[in-house]
Amino acid sequence: MVREGEKRVNETLENRPLGSSERPLRVAVIGSGPSGFYAIAALFKTDGVEADVDLFDRLPTPFGLVRGGVAPDHQKIKNVIRVYNRTAQHERFRFFGNVELGRDISVDDLRRHYDHIVYATGNESDRKMGIPGEDLPGVHSATEFVGWFNGHPDFQDRSFDLASARRIAVVGNGNVAMDVTRVLVRNPDELAPTDITAESLAVLRESNVEEVVLLGRRGPAQAAFSPQEIKEIGSLEGVTLLVSEQEMDLDEISSGWLENGAARSAQRNVAYLTEVAGARAGAGDRLVTCRFLVSPIELQAGNDGRVARVVIEKNELYASDDGTPRPRGTGETETLDVDLVFKAVGYRGVPLPGVPFHERWGILPNDEGRLQTEQDGDVVPGQYVVGWAKRGPTGLIGTNSPDSTATVKKMLEDIDGATAAPDPAKAPGKIVELLESRGVDFVTFDDWTRLDEDEVALGEAQNKVREKYTNIESMMAAVNRLR
Ligand code: NAP
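The text that follows walks through the structure, step by step, so that each part is easy to find. Owing to the predicted nature of the structure, the values given are computational and were not obtained by experimental measurement. (Residues numbered from 1 in each chain as written. Predicted model: local features only at pLDDT ≥ 70, side-chain atom pairs only at ≥ 80, totals over all residues. Heavy atoms only, no water.)

### Some thoughts on the sheet that holds strand β1 (residues 25-30)
- Taken in spatial order, the seven strands line up as β3-β2-β1-β4-β18-β17-β16 in an open sheet, and their pairing is mixed. Each of the sheet's edge strands pairs with one partner strand only, and the pair in question is β3 (93-96) and β16 (366-367).
- Relative to strand β18 (residues 379-385), strand β17 (residues 370-372) runs antiparallel, the two being bridged by two bridges. When the bridges of β18 are listed, Arg 370 appears paired with Tyr 384.
- Sitting on the sheet, helix α14 (residues 400-413) touches β1, β4 (116-119), β17 and β18, and the angle it makes with β18 is about 150 degrees. (Pairing = 2+ DSSP bridges. Helix = DSSP H or I, 4+ residues; strand = E, 2+ residues; numbered from the N terminus. Contact = heavy atoms within 4.5 Å. Axes fitted to C-alpha atoms, helices over the stretch in contact; angles between N-to-C directions.)

If you want it as structure tokens, here you go:
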């Protein structure tokens, strides 16, 4: 029950403009990856607006794909965490880890406690190829493999039989395909000092993989990988990058496109691949073979029921209406013997309980970051989307900064009108009371900081950057021990 005095105070505060120091904007951000942190930083940086921000994550640990997605041999990329740590030091910031939307807290709870809700939940699942045999044993998504070697709790029960594998097909020509390929062929001694999990390093040490075949459905001029990523594979110790000169003989559409329209990175990719084309494998080297203009059309099982062959169809390019070269099958097929298949054909979002979802695009329907009931439908007042949940799985980590800032601009345009739900009782302490009443053992940023230090210390003892806790139970046991 709201007492008379309290009611008067609340009413008085409600009359203050939202975003003033007397009545700060109360914001819940769901998902603590880059896009969430950039949205919070943008709010804190806005002159003349005071915002109290609570950041929720279903995991006890923050940083989303920076912790669970960036490859362990790319430690420098993870330095961006320093920027997020600075944001987390703001006096109006709080972290609530180990709190899952739909399990511990609902959208309606959030609407009652916050003026604005920002979904920053990324793309937690993977796109399907939609071909026969995709679910055979031995066919894995890059999402699973990357999550597994990065210690993401969702993927620790997966197993990858690298000891029995000689040849692996990696489908897709993006940077995730590069990460997967590099981790598969790199000398495990080079991974040992990183934050790769002890379990996955042990499996990689037992690997007998001799060749990774990269399957790109378009040509080298349309490959989505960054020039430095393919170059890194080409310069790995004990690895030969095989590209046939014939594959580098560009068709007219690609040559024309390279001259007008293609990004500079496409020209650099072609220049590099042309330079290395025709290289011969060094004795004992692991091979990375680039195949272009091929699409898997069927995955076939061997006698043991596991994937044994990829049927690939040769493609040709045609110019789509906007001039972009697109692939189409020629009917000519070939069969490739493989022991495992990794699909790196893109991520997609998963629906959140109580939040609209665009099934076909795998994102939350939105108009420039304002959540909609359906794509091009009504705007849902006071609810917003940032990052991959907003625009799909494109761009580098830094791409999320301007993208989140753009959504925050919309939030601030709406500040006088659209809030998630009117409730004078919105106050910082209330959400804590609610979570405690439900017995939710939430992780604060101080808890995380201690867990972080503990992981680093565990790593130091083994001459590595960190040793991660890889399941929620062990994380929470450590959090409670360190409190
Ligand atoms: P991506 O860059 O979109 O690449 C996906 C690849 O899969 C493309 O080559 C695409 O071909 C192909 N593909 C899609 N559907 C296919 C199908 N049905 N059959 C065969 N091939 C198919 O996505 P990503 O690699 O998942 O990366 C996601 C984002 O994260 C990207 O922006 C990436 O740059 C970024 N990232 C960056 C780094 C880094 O900087 N080190 C590391 C990892 C990820 P088409 O081009 O023909 O569609």
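### What about helix α2 (residues 34-45)?
- Here α2 spans 16 Å end to end across 12 residues, near enough to the 16 Å set by a 1.5 Å rise per residue.
- Judged by how many residues are buried, α2 sits mostly within the fold: 11 of 12 residues are covered.
- All buried positions along α2 are accounted for by Pro 34, Ser 35, Gly 36, Phe 37, Tyr 38, Ala 39, Ile 40, Ala 41, Ala 42, Leu 43 and Phe 44. (Expected span 1.5 Å × (residues − 1). Buried < 20%, exposed > 50% of the residue type's maximum accessible area, 1.4 Å probe, protein only.)

### Some thoughts on the side chain of Thr 194
- When you line up the elements, Thr 194 lands in the loop between α8 (188-191) and α9 (198-205).
- For Thr 194, the side chain forms a polar contact with the main-chain oxygen of Leu 191, separated by 2.7 Å.
- When near neighbours in sequence (up to four residues on either side) are disregarded, Thr 194 contacts Pro 72, Asp 73, Gln 75, Lys 464, Val 465 and Arg 466. (Polar contact = N/O pair within 3.5 Å; in protein donor to acceptor, adjacent residues only side chain to side chain.)

### Some thoughts on the site of the ligand
- Taken together, 20 residues form the shell around the ligand, and within it Asn 173, Asn 175, Arg 217, Arg 218 and Gly 395 come nearest.
- One nitrogen or oxygen atom from the main chain of Val 176 is found 3.0 Å from an oxygen atom belonging to the ligand.
- Gly 395 is positioned such that a nitrogen or oxygen atom in its backbone is 2.8 Å from an oxygen atom of the ligand.
- In the complex, 81% of the free accessible area of the ligand, which totals 920 Å², lies under the protein chains.
- Broken down by element, the shell around the ligand gets its largest block of residues, three residues, from helix α7 (residues 175-185).
- Split by residue class, the shell around the ligand holds eight nonpolar, eight polar and four charged. (Near = heavy atom within 4 Å. Areas by Shrake-Rupley, 256 points an atom, 1.4 Å probe, with all protein chains shown as cover. Nonpolar A, V, L, I, M, F, W, Y, C, P; charged D, E, K, R; others polar.)

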